[in-house]
There are 2 protein chains.
Amino acid sequence: MHIHHIAIAVNDLEGALQFYRDALGLEVTERTEVPVEGVEIACLPMGESEIELLRPLDPENSIGKFIEKRGEGIHHICVLVEDIESAVAQLEAQGARMTGEIRTRDNGTRYVFVHPKSTRGVLMELYQKP
Amino acid sequence: MHIHHIAIAVNDLEGALQFYRDALGLEVTERTEVPVEGVEIACLPMGESEIELLRPLDPENSIGKFIEKRGEGIHHICVLVEDIESAVAQLEAQGARMTGEIRTRDNGTRYVFVHPKSTRGVLMELYQKP
């Protein structure tokens with residue numbers, strides 16, 4: 001189990017890259033629009049984790065509304081787990097609540113979000129590789 | 001360079017440990033009050049990083065006020081760098097702003113915070129080992 005990524009919601013992706021890429025010196029390994037999730041994503045690995053910049057494609061979607069309400073900043077952290085079903089079972093047995101069901105992306109990755117009420121205000125994604 | 005820790009500000013450290021230790025299964029490797037910083041800290045390693053839970057010793061200090069204003073949640077992320085002076089010089093050359101000078105703790109670690117205005121809303125600590 002380790003931190004897979006820290007997702008940062010931003011309105012201005014180019015401006016964000018001026019800090020994370022140009023100033024901090026991270027490399028952009030992926031940059032793509034993901035219409036199904038309503039975001040443009042830039043991934044910048046840092047050690048075993050990544051900084052993931054998320055720009056909402058529509059100011060009315062969940063990332064857009066997050067920024068409108070709280071300003072740009074950390075949207076969620078993602079924890080890589082080996083077995084997402086057993087992780088969820090273990091968390092729920094201890095009273096933690098998910099925001100929904102485990103979902104599967106086209107590429108086979110599986111994910112679920114732990115509700116911030118269970119984590120002391122941190123939206124936490126659990127993520128399992130295909 | 002990697003993510004050294006993610007610091008989460010909490011009012012109820014025992015309640016937070018019920019999630020991060022008991023439910024998520026992380027181990028508490030350190031738990032201590034740091035009066036000079038106004039917090040009780042619990043460290044829970046996760047891969048090469050740590051979850052750091054911060055409980056304010058005084059609701060009127062900066063962590064206490066953070067919680068009062070924004071609720072419990074991620075307070076800052078910390079990035080381990082090899083050479084903090086050259087990291088700061090590189091960031092400042094690109095227009096990034098620190099919240100203050102580089103400081104040194106009694107144990108020899110050195111740290112500085114990058115202003116959230118420069119990072120798209122993320123309070124980012126840079127940290128160098130002794």
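Please read all numbers here as calculations on a predicted model, not as lab measurements. (Residues numbered from 1 in each chain as written. Chains lettered and ligands numbered in written order. Predicted model: local features only at pLDDT ≥ 70, side-chain atom pairs only at ≥ 80, totals over all residues. Heavy atoms only, no water.)

Visitor: What is the right way to look at the pattern of salt bridges in this model?
Guide: When the charged atoms of two side chains lie near each other, side chains of opposite charge can form a pair. Per the counting criterion, the structure on display carries 20 salt bridges over all chains. The closest approach of N and O atoms between Glu40(B) and Arg31(B), which form a salt bridge, is 2.9 Å. When its relative accessible area of 39% is taken as the criterion, Arg31(B) is described as partly exposed. Put simply, Glu14(A), Arg31(A), Glu33(A), Glu40(A) and Arg55(A) are held in one network by salt bridges that share partners. (Salt bridge = Lys/Arg side-chain N within 4 Å of Asp/Glu carboxyl O. Buried < 20%, exposed > 50% of the residue type's maximum accessible area, 1.4 Å probe, protein only.)

Visitor: Explain the domain arrangement of chain A to me, please; I cannot follow it from the model alone.
Guide: By a widespread convention, an interface's size corresponds to the accessible area lost as its parts come together. All names here are of chain A. Domain boundaries in chain A define domain 1 (1–75) and domain 2 (81–130). On a C-alpha basis, the centres of domain 1 and domain 2 stand 20 Å from each other. Counting from both sides, the interface comprises 5 residues of domain 1 and, opposite them, 5 residues of domain 2. In this assembly, domain 1 packs against domain 2 so that about 450 Å² is buried in total across both faces, 57% of it on carbon and sulfur atoms. Contact with domain 2 buries surface across domain 1, with His 4, Glu 37 and His 75 losing the most and accounting together for 68% of the total. There are 1 salt bridge connecting domain 1 and domain 2. Taking the shortest distance from any N to any O, the salt bridge between Glu 37 and Arg 105 comes out at 2.8 Å. In this assembly, domain 1 and domain 2 are joined by 2 residue pairs in polar contact (both at pLDDT 80 or more). The class makeup of the residues in the side of domain 1 that touches domain 2 is 1 nonpolar, 3 polar and 1 charged. (Domains from an automatic or database assignment. Contact = heavy atoms within 4.5 Å. Buried area = accessible area lost by both parts, 1.4 Å probe. Polar contact = N/O pair within 3.5 Å; in protein donor to acceptor, adjacent residues only side chain to side chain. Nonpolar A, V, L, I, M, F, W, Y, C, P; charged D, E, K, R; others polar.)

Visitor: I would appreciate a short explanation of the interface of chain B and chain A in the present structure.
Guide: Every contact between the two is made by 38 residues of chain B and, on the other side, 38 residues of chain A. Overall, the association of chain B and chain A removes approximately 3300 Å² of surface from exposure, summing both partners, and the carbon and sulfur fraction of that is 67%. For the chain B face of the interface with chain A, the top three residues by lost area are Met1(B), Phe19(B) and Arg120(B), together amounting to 21%. Run the count over chain B and chain A and you get 11 residue pairs in polar contact (both at pLDDT 80 or more). When contributions to the side of chain B that touches chain A are tallied by element, the ones reaching two or more residues are strand E1 (2–9), helix H1 (13–23), strand E4 (49–56), strand E5 (73–80), helix H3 (84–93) and helix H4 (116–119) of chain B. Class assignment of the residues belonging to the side of chain B that touches chain A gives a composition of 21 nonpolar, 11 polar and 6 charged. (Helix = DSSP H or I, 4+ residues; strand = E, 2+ residues; numbered from the N terminus.)

Visitor: Would you mind showing me how to read the pairing of strand E7 (residues 110–114) of chain B here?
Guide: Looking along a regular strand, one sees side chains alternate from face to face of the sheet. Residue and element names in this part refer to chain B. A large share of E7 lies buried, amounting to 4 of its 5 residues. The sheet contact formed by E7 and strand E8 (residues 124–128) spans 5 bridges and is antiparallel. Across the sheet, Phe 113 pairs through a bridge with Glu 125, a residue of E8. (Pairing = 2+ DSSP bridges.)

Visitor: Looking at this model, I keep getting lost on the relation of the copies chain B and chain A. Mind explaining?
Guide: Both copies of the chain are related through a single rotation about an axis accompanied by a shift along the same axis. Superposition of chain B onto chain A requires a rotation of 180° combined with a translation of 0.0 Å along the rotation axis, giving an RMSD of 0.0 Å. Between the two chains, the operation in question is that of a two-fold axis. Residue by residue, 100% of the interface of chain B is reproduced at the interface of chain A, so both copies engage with the same surface. (Least-squares fit on C-alpha atoms with pLDDT ≥ 70 in both.)

Visitor: Explain the pairing of strand E4 (residues 49–56) of chain A to me, please; I cannot follow it from the model alone.
Guide: Residue and element names in this part refer to chain A. With 7 of 8 residues buried, E4 is to be regarded as a mostly interior element. Across 5 bridges, strand E1 (residues 2–9) lies against E4 in parallel orientation. In the sheet register, Ala 7 faces E4, and the bridge partner there is Glu 52. Examined bridge by bridge, strand E3 (residues 39–46) and E4 share 8 bridges and lie antiparallel to one another. Paired with Ile 41 across the bridge in E4 is Leu 54.

Visitor: In this structure, what is going on with the environment of Ile51(A)? I would like to understand it.
Guide: Looking at the element boundaries, Ile51(A) is found in strand E4. On the accessibility criterion, Ile51(A) (0% relative accessible area) is buried. Along the backbone, Ile51(A) and Gly121(A) are 70 residues apart, and their C-alpha atoms lie at a distance of 20 Å. Setting aside chain neighbours within four positions, we find Ile51(A) in contact with Ile6(A), Ile8(A), Tyr20(A), Leu26(A), Ala42(A), Cys43(A), Leu44(A), Met46(A) and Ile77(B).

Visitor: Looking at this structure, how should I read helix H3 (residues 84–93) of chain A?
Guide: Since the α-helix packs 3.6 residues into each turn, any two residues three or four apart lie on the same face. Residue and element names in this part refer to chain A. Along H3, the residues that are buried comprise Ile 84, Ala 87, Val 88 and Leu 91. Across the axial projection of H3, the buried residues extend over an arc of 95°, all falling on one side. In this structure Asp 83 caps H3, since a side-chain oxygen of it lies 3.1 Å from the backbone nitrogen of Glu 85. Among the residues trailing H3, Gly 95 stands out with phi positive, at a value near 95°. (Arc of directions from axis to C-beta.)

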